[in-house]
Amino acid sequence: MTFNFDQGIDRRHSDSLKWNKYGDDVLPLWVADTDFRSPDCIIDALTARVQHGVFGYGTTPHDFIAIACQRMQQRYGWQVQPEWLVVLPGVVSGLNLAVRAFTDAQQSTIAPTPIYPPFRLAAKLAGRPQRNAQMRLEQGRWLMDLDALAPQLDGSEKLLMLCHPHNPCGTVWRRDELEAQLAFARRHNLIVCSDEIHSDLILEPDLKHIPFASLSEDAEQRSITLLSPSKTFNIAGLGASLAIIPNAELRERFNQTRKGIVPEVDILALVAACAAWRDGQPWLDAQLDYLRGNRDWLVNAVNQLPGLQMQSPEATYLGWINARKLSVASPALFFEKQGLGFSPGRDFGDDAFIRINFGCTRATLEDALQRMQRALATLA
């Protein structure tokens, strides 16, 4: 079975958030959706459901719960019970619910920095203070420095928010690193919310995703795991996600916080999610091969450009580029004026960086690299 990830699909002037942000003269490489056509198994399943012709109120199909439980067992050896699952219209809503359900106004959250912006915003919107564990570069990998954070804690901390794999740094946490995070959570009596939306996008063939909750019974009972096929299969516009919450008391608090605020999941989103996790693996395997090629090309090219540095991400289709050596006030704004729409590092916690989305065709990536080269030439 072959898949054509070089197929260019015109997304300008459509309903695309990614492609509508800028004018036609700016190449968008920011928000984390890819430019790839979703697999036929999803399109076929949606077509069949649409042909039914009736779209009244829906309920979570038993298939979605069963497929999710089976997937956790087959991929990770994690035995998930159906009653642990809470179906959500998006992982971001799960992050916000976790903050509001498990902290009060006097209690703090802990999150890495830099970090995916909704981690920061969830605390801000809820009026909760947030402590930040700095990500540091060690032997080519971005790691979270919890030891440096520990002396700053005052006992008000209640929720540790993990990004696993990490966005934007692309780190795949090893078992010993996860065990250290668990020990930290146990030492400070923390609930752990682990965003694992990028868990299917491991680019290093010798690495494997390990769900935080699968480490031990203690990890399981203090954790909320957030998952979705949306990033993997390019169906973010069809929001269907899961919170896996083994602890019955935590699950009840989470569900109570959700009531009347977070809606049920769209019936077509559930159809797409079922098809993705049930039948999408051959397409995913091919996509991972393509993304590895994009990543390797991008890392090599960026590290040859003056003033830029990039570590090779172990997961995701996102690159975290250090532009600190450029003589510009804002790297993101500089590149935007030169026709490149990157995610500003300031949104993640460090304005000296930019984030690039390399989930695109090789032709798009080539165009981006040529624009970057031309842009930097203006600074010479």
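This text follows the structure it describes.
Residues numbered from 1 in each chain as written. Predicted model: local features only at pLDDT ≥ 70, side-chain atom pairs only at ≥ 80, totals over all residues. Heavy atoms only, no water.

### Notes on the side chain of Asn-167
If you trace the backbone, Asn-167 turns up in the loop between strand S6 (157-163) and helix H7 (175-187). Only 3.0 Å separates the side chain of Asn-167 from the side chain of Arg-355, close enough to count as a polar contact. (Helix = DSSP H or I, 4+ residues; strand = E, 2+ residues; numbered from the N terminus. Polar contact = N/O pair within 3.5 Å; in protein donor to acceptor, adjacent residues only side chain to side chain.)

### Brief notes about the pattern of salt bridges
Taken as a whole and judged by the stated rule, the model has 23 salt bridges. The shortest N-O distance in the salt bridge between Glu-264 and Arg-258 comes to 3.9 Å. Owing to a relative accessible area of 7%, Arg-258 belongs among the buried residues under this scheme. Two residues, Asp-296 and Arg-295, come together in a salt bridge whose shortest N-O distance is 3.0 Å. A single network of salt bridges, built from pairs that share partners, joins Arg-11, Lys-18, Asp-33 and Asp-35. (Salt bridge = Lys/Arg side-chain N within 4 Å of Asp/Glu carboxyl O. Buried < 20%, exposed > 50% of the residue type's maximum accessible area, 1.4 Å probe, protein only.)

### Focus on the nonpolar core
One finds Ile-42, Leu-85, Leu-308, Phe-335 and Met-372 to be the most contacted residues of the largest nonpolar core, which totals 72 residues. Ranked by the residues each element gives to this core, the list is headed by helix H12 (residues 281-302), at nine residues. Every residue in contact with Leu-308, bar those within four places of it in the chain, is listed here: Val-302, Asn-303, Ile-321, Asn-322, Ala-323, Leu-326, Phe-335, Met-372 and Leu-376. Ranked by size, the runner-up nonpolar core spans 28 residues in total, among them Phe-119, Ala-126, Ile-197 and Ala-243. (Core = buried A, V, L, I, M, F, W, Y, C linked by side-chain atoms within 4.5 Å. Contact = heavy atoms within 4.5 Å.)

### What to know about helix H5 (residues 117-126)
For H5, the full list of buried residues reads Pro-118, Phe-119, Ala-122, Ala-123 and Ala-126. Angular distribution of buried residues about the axis of H5 spans 140°; they occupy a single face of the element. Of the residues in H5, the exposed ones pointing more than 90 degrees away from the buried face are Lys-124 and Leu-125. For H5, the secondary structure elements touched by its buried residues are helix H4 (91-102), strand S3 (108-113), strand S4 (130-138), S6 and strand S7 (191-195). (Arc of directions from axis to C-beta.)

### Points about empty space enclosed by the protein
In the structure shown here, the tally under the stated rule is one cavity of 30 Å³ or more. For the largest cavity, the full set of lining residues is Arg-71, Met-72, Tyr-76, Glu-196, Ile-197, Ser-199, Asp-200, Leu-227, Ser-228, Thr-232 and Trp-277. Among the elements that take part in the lining of the largest cavity, helix H3 (residues 62-76) stands out by supplying three residues, more than any other. Split into classes, the residues belonging to the lining of the largest cavity amount to five nonpolar, three polar and three charged. (1 Å grid on protein atoms, 1.4 Å probe; cavity = no way out; pocket = protein on both sides within 12 Å on 5 of 7 lines; lining within 4 Å. Points joined across faces, edges and corners; volume = space filled by probe spheres on them. Nonpolar A, V, L, I, M, F, W, Y, C, P; charged D, E, K, R; others polar.)

### Here we look at the packing of H12 against helix H14 (residues 362-377)
The contact between H12 and H14 brings their axes to 11 Å, and the two run at 10°. If you check the angle between H12 and H14, you find them roughly parallel. Seen from H12, the contacting residues are Tyr-290, Gly-293, Asn-294, Trp-297, Leu-298, Ala-301 and Val-302; seen from H14, they are Arg-362, Leu-365, Glu-366, Leu-369 and Met-372. Looking at the contact of H12 with H14 residue by residue, the class counts come to eight nonpolar, two polar and two charged. (Axes fitted to C-alpha atoms, helices over the stretch in contact; angles between N-to-C directions. Parallel < 35°, antiparallel > 145°, perpendicular 65-115°, else oblique.)

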